[in-house]
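# Structure assessment
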Amino acid sequence: MSPQHDHCGAGGGALSTANVGLTRFAVVGSPNSGKTTLFNALTGLHAKTGNYPGVTVARYEGRTRLGEHGTVVVEDLPGTYSLDPISPDEQIVVDVLDTDHQNTRVDVPDAMLVTLNATTLRRSLGLLAQLQQTGLPICVVLTFTDDLSRRGGRLDIPAFTRALGVPVVTVVAGHRDGLADLRHVMARFDSWTSPVVPPPTDPAEVSAWVDSVLESSGYRLPAVDTRTHRIDSVVLHPVLGTAIFLLTMFVFFQTIFTVAAPLQDSVETFFGWLGGVVADHVHIGWLSAFLSQAVIGGVGSVLVFVPQIALLFLLIALLEGTGYLARAAFLMDRVMARAGLEGRAFVALLSSFACAIPGIMATRSLPSARDRLATMMGAPLMTCSARLPVYILLVSLLLPSDARFGLFNARGVVMFALYFFGALSAMAAAAVFKKLTARSGPMLPFYMEMPPYQVPRLKTVAAEVWTAASAFLRKVTSIILATTMVLWVLLNLPLRGEAEMAAAGVDTTDDAAVAAYVIDHSYAASVGRAVEPVFEPLGFDWRINIGILSSLAAREVFVATLGQVAAAENPEEPAQALREMTVQDGPQAGRTLFDAPTIAALLVFFMYALQCMSTVAVLRRESGSWKWPAIAFSYMFALAWAMAWLAKTVVGALV
Amino acid sequence: MIGIHAERVAGDPQAVRWVIPAGLLGVGRVRRAPGPLGAMFDAGTLTTGLAEHGALWLWVSAGSSWAAHGRAVQSALRAALEHPEQWVIDPAPGEVLARVTADLLDGSVGDFVRSHGGSARAELSDDGTVAVHLGGACEHCPAADLTLQQRLLGELRRRCPDLVEVDRGATRLTLALGAAPD
Amino acid sequence: MSSVSDRMRQREFRADAAGTPRITLAHLQRGQRARVVGYGEGIEDSAARRLFDLGLSPGIEVEMVRRAPLRDPVIYRVGDYEIALRREQSTAIHVDRVR
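Please read these numbers as outputs of a predicted model, since none were measured by experiment.

## As for the overall build of chain B
- Counting its secondary structure elements, chain B contains 5 helices and 10 strands.
- Whereas a compact globule of 182 residues would reach a radius of gyration of roughly 16 Å, chain B reaches 17 Å, a difference of no more than 12%.
- Its C-alpha atoms give chain B principal-axis dimensions of about 50 × 35 × 30 Å.
- By residue count, 38% of the 182 residues in chain B fall in the buried class.
- For chain B, the proportion of contacts with a sequence separation of at least 24, taken over those separated by at least 6, is 62%.

Set out below in structure tokens:
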């Protein structure tokens, strides 16, 4: 599930102080009732997201204009099957609709829009019966009526309206008319009819009430969706289905590497050209260096990823829009159950291959709060695209391009191993966290609806990809840009005078030597040396240390940092400079810095460490507090250090 | 479990049309009902009950409201319907037909007529027949006959399977339930 | 609103303990249909409530549609939609076969 909303928000009465005082509508309904599509259509993707106070439940609030009747607030409540809460999500719905005002955490809405899926009315009406006990004005929004008629079902809507006693508006996704009607109806919410006698509350009586309502509305059950059925007999076939699934995964991964490559090359070329333009036209030395290294280098290193990430978001949005992801979750459920998770967690972890941020947000599709948390704690261990440049750089330092491991290209094998063990570690971490949170709530029974296959609406898919990609861009660019700029400053200050350098034996006419001296004695270097005790057992020196510290903001910065340091020593051949670097002082002086054990340690360190402030921010938002991101950061740092040391020792013994 | 649900009656806040399983009770005026429902009649909370083929009209007394007694009536009615043989219903075909026709003319059929500039009214005669008159723009409308025929009759027949057409004109229809009066 | 939840808490769904061994949803083969009778003792209240709210209420007809390649979960058709359940849940739902 791709992130669909812009980010902001603090918990509390209203999500945004600007919304206080406006009329509030809550959209309520079961999952798969078209609720979120309706919410998006009404609020137009400008919704604010946040968390309900103190819980791992996402909150969405937006506004919509009702013609001349002004602006109102619309809140998308978590999908719920019943007002008998068995999960924090459903407890939220109960709390929000608490007209007895026993909860003070969130505002009670002024009216409700209840989405009912016309193809699953028998079940959906049970929820409506419960909602009608709250006494709040209700308008039923009937969805999927096109699906109903396509599958041979029938419903007499005026009779249905009379039987329910509340206004009923039909809305078909993608058609504007229904929305206009709905807005007209919303404008008059204080004159909505209510049932003259509320439906019964006893479950057996409610079932009978539902039967009566559907009977007098001439409801004819839609036939089995034969199209879906036929597709599923192939897609979920034990042999064919597994093959199709593996093929889909293969295509997915090929996209990460192969398909995006030409696009990435063009972006790189563009930035190379831009760097050249700056060098030619900006003659102020430090400004030129600043622009080309910090700004263009920094921004460029992020933008190079956009084609890849956008493509991945696109694939995921398409798979989800067709309904295939539910099938993938179904096929993978048994495997995920080994880690104490469920099939839908697979989808969240899959998204994390692009970037942990959408992966963590995809955990919203998991009904169990415990599952959500466990998956969130494991997701950052999945090999995300940001690790790729680091892996590529290090692996190329480690192995020549033609090295072979048996039949296979040695570099390829190492990359595969990194991805594989990343995924394995993610599952293991999730399993551990699932066990650790055993006391925090009842075990939710597993159930998953299999929605019918649909042709994904291109506009929706495009909108999802755009929102996800732009959110990623905005967040990451600001952090990476800020970090590379700060880093550049720290690497190039304090400025050294000629006399001082001459006294240290540096040839002041040699630009490279000057640059190297400045970096060696910069603020950044002091910080790098200060943390040496921590990283020395892993074989890292102060240069790698600065790289790691800066990569805590975002992993890509590591490559940019090493690039700056190497380019200072050898502007023509920075890669060569890296190969030739030696440890400068201390007990290991003289050793090649990037030797096999150190590279192995570095690779493993990057595999496990949580080095992405954006991920920390998303963890904070999705889990509702700082506790969990702090735990994630600490455990991953400790794990990274330990595993890196292990790698160094093992490789050191082998080599 | 017997399924019932309540529908509002336009223009009459003391009345509720309870949709019940079709054919369960006879058609006519309720004289006696079993259980707590009967008690509510006895106590005067419910004043009248009129049974159609697939629904039961109940009127609550002028001093009370459905907000106060709705839930109680709902459970009492459900319980009472478990014993249809204990109900006593006096045949009142004319009254029931008049009530159903009025309901339709207040609702969907009447809306259609009025949207075209016409008017419709129903009259209960002493012989138990109901005469429906179309007026206004309908008087000169070539489709008036069709309107009466398809819309009104069609809807009426669905709700009153015993419907009998006694007489028909261009803008006038006379109907009865059950056997036509002599 | 809390009053609604309180009213809900008086619900009772357990299958009448008649002592007769019943077949469960887990026993159904592909294409077989059955009517839900009640829930067994093997699941928690919250799980039973959730299954009821999902539409697996007594009297409803279900059909076993297909299994996952690894034997679990299983897709059942309940009324007008399909739902996947694990063995853990399906063994707790008692049914009567329908021809």
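## What to know about the pairing of strand β3 (residues 61-67) of chain C
All names here are of chain C.
- Pairing geometry for strand β2 (residues 33-39) and β3, over 3 bridges, is antiparallel. Bridge pairing in β3 links arginine 33 to glutamate 63.
- The pairing of β3 with strand β4 (residues 74-78) spans 5 bridges and is antiparallel. In the sheet register, glutamate 63 faces β4, and the bridge partner there is arginine 77.
- The loop that links β3 with its antiparallel partner β4 comprises 6 residues; one of these, arginine 71, has a positive phi angle of about 80°.

## A short note on the packing of helix α3 (residues 121-131) of chain A against helix α7 (residues 203-216) of chain A
Residue and element names in this part refer to chain A.
- Axis separation between α3 and α7 bottoms out at 9 Å; the angle between their running directions is 120°. Taken together, the axes of α3 and α7 lie oblique to each other. Crossing hand, α3 versus α7: right-handed. Contacts from Leu121, Arg122, Leu125, Gly126 and Ala129 of α3 reach α7 at Val206, Trp209, Val210, Val213 and Leu214.
- Looking at the contact of α3 with α7, its residues break down into 8 nonpolar, 1 polar and 1 charged.

## Looking at the interface of chain A and chain B
- Counting from both sides, the interface comprises 16 residues of chain A and, opposite them, 15 residues of chain B.
- Only α5 (157-164) and α7 of chain A provide two or more residues apiece to the side of chain A that touches chain B.
- With 8 residues, α7(A) is the largest single contributor of residues to the side of chain A that touches chain B.
- Residue composition of the side of chain A that touches chain B, grouped by class: 10 nonpolar, 3 polar and 3 charged.

## Thoughts on the environment of Leu85(C)
- Among the secondary structure elements, Leu85(C) is positioned in strand β5 (residues 81-85).
- Judged by local crowding, Leu85(C) falls into the buried class, with 26 C-beta atoms found within 10 Å.
- For the pair Leu85(C) and Asp72(C), spaced 13 residues apart in the sequence, the C-alpha separation amounts to 8.1 Å.
- The residues contacting Leu85(C), other than those within four sequence positions of it, are Tyr447(A), Pro73(C), Val74(C), Tyr76(C) and Ser90(C).

## Some thoughts on the domain arrangement of chain B
Residue and element names in this part refer to chain B.
- Assigned domains of chain B: these are domain 1 (5-90) and domain 2 (94-177).
- Its C-alpha centre places domain 1 at a distance of 26 Å from the equivalent point of domain 2.
- Contacts between domain 1 and domain 2 engage 10 residues on the former and 10 residues on the latter.
- Residues of the side of domain 1 that touches domain 2, tallied by class, amount to 4 nonpolar, 4 polar and 2 charged.

## So, the interface of chain A and chain C
- Listed by partner, the interface residues are 39 residues for chain A and 36 residues for chain C.
- Looking at the side of chain A that touches chain C residue by residue, the classes come out as 18 nonpolar, 13 polar and 8 charged.
- Taken together, the 4 bridges between strand β11 (residues 447-450) of chain A and β5(C) define a ladder with antiparallel strand orientation. Each residue of the ladder has a partner; that of Met448(A), found in β5(C), is Ala84(C).

## Describing the sheet that holds β4(C)
- In spatial order, the strands read β11(A)-β5(C)-β4(C)-β3(C)-β2(C)-β6(C)-β1(C); together these 7 strands make up an open sheet with antiparallel pairing. Here the strands that pair on one side only, and so sit at the sheet edges, are β11 of chain A together with β1 (23-24) of chain C.
- Judged from the 6 bridges that link them, β2(C) and strand β6 (residues 93-98) of chain C form a sheet pairing that is antiparallel. Paired with Gly38(C) across the two strands is His94(C), which belongs to β6(C).

## A closer look at the pairing of strand β9 (residues 163-168) of chain B
All names here are of chain B.
- Bridge count for β9 against strand β10 (residues 172-177) is 5 bridges, and the pairing is antiparallel. Considered in β10, the bridge of arginine 168 is made with leucine 173.
- Linkage of β9 to β10, two consecutive antiparallel strands, is achieved through a turn of 3 residues.

What counts as what
The residue numbering used here restarts from 1 in each chain and proceeds along that chain's sequence as written. A letter from A marks each chain and a number from 1 marks each ligand, given out in the order of writing. At least 70 in pLDDT is required for a residue's local features to be given in this predicted model, at least 80 for side-chain atom pairs to be given and counted, and no such filter applies to totals for whole chains, interfaces and linings, which use all residues. Where helices and strands are cited, they refer to DSSP runs of H or I of at least four residues and of E of at least two residues respectively, numbered from the N terminus. Note that the radius of gyration is over C-alpha atoms, with the globule rule given as 2.2 Å times the number of residues to the power 0.38. Here the C-beta atoms are placed from the backbone, and a residue counts as buried if at least 20 other C-beta atoms lie within 10 Å of its own, exposed if 12 or fewer do, and partly exposed otherwise. Once C-beta atoms have been placed from the backbone, residue pairs whose C-beta atoms lie within 7 Å are recorded as contacts. Here the rule is simple: two strands pair whenever DSSP picks up at least two bridges between them. The angle between two axes is taken between their N-to-C directions and runs from 0 to 180 degrees, where each axis is a line fitted to C-alpha atoms and a helix contributes only its stretch in contact. Roughly parallel refers to an angle under 35 degrees, roughly antiparallel to one over 145, roughly perpendicular to one between 65 and 115, and oblique to any angle outside these ranges. Working rule for handedness: look at the near helix, and if it is turned counterclockwise from the far one by less than a right angle, call the crossing left-handed; if clockwise, right-handed. All amino acids are sorted into three groups, where Ala, Val, Leu, Ile, Met, Phe, Trp, Tyr, Cys and Pro are nonpolar, Asp, Glu, Lys and Arg are charged, and the leftover types, Gly among them, are polar. How far each domain reaches was decided by an automatic or database domain assignment.

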